[in-house]
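Fold and geometry: a report
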Amino acid sequence: MLKRLSFQYSTILIFLLILLIPQSCTFQRRGYFAGPDDMGGLLLDIKNRGKLIALTDNNPFNYYTLRGEERGYQYEMLKSFASYLGVELELIVEPDPHKALLCLKQREVDLIAMELPLTAVSRSNVVSTKPLFTSRQVLVQRKPDNWRRMPTMRRVETGLIRDIAGLSGKTIVLPAGKYKQFYLSDIQHATGYSTDITGIEKTTTTDLIEAVALKEAGYTIAFEHTARAMAQIYHDLDVSTPVSPDLDISWTVRKGAVNLLVTINQWIEERSGSREFAYTYSKYYKNARQARLALGHSVKRHSISEYDDLLRESSRIINWDWRLVAALIYKESKFQMDAVSHRGAFGLMQLMPHTAKRFGADENSTAAEQVTAGLKLIKYLDNAFSKKVPDPEERKKFILAAYNIGIAHIYDAQNLAEKHGKNPAVWYDNVEFFLLAKSQPEFYNDPVVKYGKVKGIETKQFVRDVLEKYDHYKTMAAL
């Protein structure tokens, strides 16, 4: 009898324990887990596994697919970091931040790349990385229906809420899973708890911003970077009323993942002021076309110039994306055939007369002849750098620099880079650095320098401007 009672008691106890186990992640459990955290062992495990397992939410600006191609701000940043580690990226989508934290604690993922509730992070055994950028939470509201016909913006302002006390008696809708993500207690206190804050199941922040724009909801709250991206295509939205201080937008790892945290922070520090970071942010949060793509809206393709067809055809000579050639021409001449510089460079490609003659063109040449001559110069530069800069994508930066300042000064900068322990086959922070250094006596008088002093600041900016314009053209015109 006692044995039977003991067995029944044990069975009930086990059943209760099962009920008390917290709900796990919503995605299917894999046959492997993230590795041990002792002494930062997770980083080593990631490298041995050959895969970084990251989690983000279903905010379309963070991650979406277009015609089978993965895109999104967090996707691109995670992809870049995985490449930095020399591993592949596996991305998990989990919209609920609390379930996301549970997945991290259960070692199903290596890191979380999404906005998380500050209270949840502070109370959990997790830690945030250095910020990728900062943002704040803002009120999303509609401008008055007739705001375009109002005589002044001051009149428009009278129909908008500009402090949180003005939300008294209003209803704010939020995604149910992210209810605790926002600074709601401040709103409740400022309005005497008269504001109705409603959590909506199975919806996203961007869904609710669209609902406000389409008059299906009155107000919602969103991070400013997302709200402003949406306001680029929904012009009746106002997103200028802050409801929180500036907040760090960071990644999250377990506290014990010491080496992983240090490596992420080092990667962020090295790139925080780089073109890569700035471009990726601008691409997803400051580009109306990209916002339409992220939200699944149709987008019209545009032409770049009247020379698009010519460039598509002739760029095959050098096997370059024609939009990169277009970016170069824009920087050189703004697509003006009759452009002449104060140094005598002429035409679309801004070739000096002796260079143009060498490659078969002159001031009277047609647009096609000018472009062909410029492309022949690029091909010549490509061959000249092919052995010293084997990576074809990296070599394009060297070609653009040499196109602007001449190949001799780039050779000097490569020699200096090699002498001082930098990589002569990498442009940013390596050869670019020593091109700038050639304006200083201790460098232009160095025996490895054959072509003397030069100011490289214009060339540095030239390369960056052309590549930035190229990035823009890629979102604007079809290949």
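Residues numbered from 1 in each chain as written. Predicted model: local features only at pLDDT ≥ 70, side-chain atom pairs only at ≥ 80, totals over all residues. Heavy atoms only, no water.

So, on to the environment of Gln-232. Considering the arrangement of structural elements, one finds Gln-232 in the loop between helix 9 (224-231) and strand 12 (237-242). With a relative accessible area of 22%, Gln-232 lands in the partly exposed category. Between the C-alpha atoms of Gln-232 and Lys-286, which are 54 residues apart in sequence, the distance is 8.0 Å. Beyond its immediate chain neighbours, meaning those up to four positions away, Gln-232 contacts Tyr-285, Lys-286, Asn-287 and Ala-288. (Helix = DSSP H or I, 4+ residues; strand = E, 2+ residues; numbered from the N terminus. Buried < 20%, exposed > 50% of the residue type's maximum accessible area, 1.4 Å probe, protein only. Contact = heavy atoms within 4.5 Å.)

Moving on: the nonpolar core. Counting 59 residues, the largest nonpolar core has Leu-111, Leu-132, Trp-251 and Leu-260 as the members making the most contacts within it. Of all the elements, helix 3 (residues 73-85) adds the most residues to this core, at seven residues. Residues in contact with Leu-132, not counting those within four places in the same chain, are Tyr-73, Gln-74, Met-77, Ile-249, Ser-250, Trp-251, Trp-267, Ile-268 and Phe-277. In this structure, Trp-322, Leu-375, Ile-399 and Phe-434 belong to the second largest nonpolar core, which totals 57 residues. (Core = buried A, V, L, I, M, F, W, Y, C linked by side-chain atoms within 4.5 Å.)

One open sheet accounts for five strands, arranged 10-9-11-8-12; its pairing is mixed. Every interior strand has two partners, whereas the edge strands, strand 10 (196-200) and strand 12, have only one. Going from strand to strand, the sheet's axes swing by 35° on average, the running direction of each strand aside. Where strand 9 (residues 171-175) meets strand 11 (residues 219-223), two bridges bridge the pair, whose relative direction is parallel. Following the sheet pairing, Ile-172 is matched in strand 11 by Tyr-219. (Pairing = 2+ DSSP bridges. Axes fitted to C-alpha atoms, helices over the stretch in contact; angles between N-to-C directions.)

Summed over all chains, the structure comprises 20 aromatic pairs. Judged by centre distance (5.5 Å) and plane angle (80°), the ring pair of Tyr-73 and Phe-133 falls under edge-to-face. Note that Tyr-73 is positioned in helix 3 and Phe-133 in strand 7 (residues 133-135), a separation of 60 residues in sequence. Looking at Tyr-73, the relative accessible area reads 1%, which means it is buried. Look at Phe-133 and you get buried, because its relative accessible area is 11%. Here the aromatic residues Phe-61, Tyr-73, Phe-133, Tyr-281 and Tyr-285 are joined through ring pairs into a cluster of three or more. (Phe/Tyr/Trp six-rings, centres within 6.5 Å; stacked < 30°, edge-to-face > 60°.)

Helix 17 (residues 392-405) packs onto helix 16 (residues 367-385) with a crossing angle of 125° between their chain directions and a minimal axis gap of 9 Å. By the angle between their directions, the pair helix 16 and helix 17 is classed as oblique. Relative to helix 17, helix 16 is oriented so that their crossing is right-handed. Each of Gly-374, Leu-377, Ile-378, Leu-381, Asp-382 and Phe-385 in helix 16 lies in contact with helix 17, whose residues at this interface are Arg-395, Phe-398, Ile-399, Ala-402 and Tyr-403. Of the residues in the contact of helix 16 with helix 17, the class split is eight nonpolar, one polar and two charged. (Parallel < 35°, antiparallel > 145°, perpendicular 65-115°, else oblique. Left-handed = near helix turned anticlockwise from the far one by under 90°. Nonpolar A, V, L, I, M, F, W, Y, C, P; charged D, E, K, R; others polar.)

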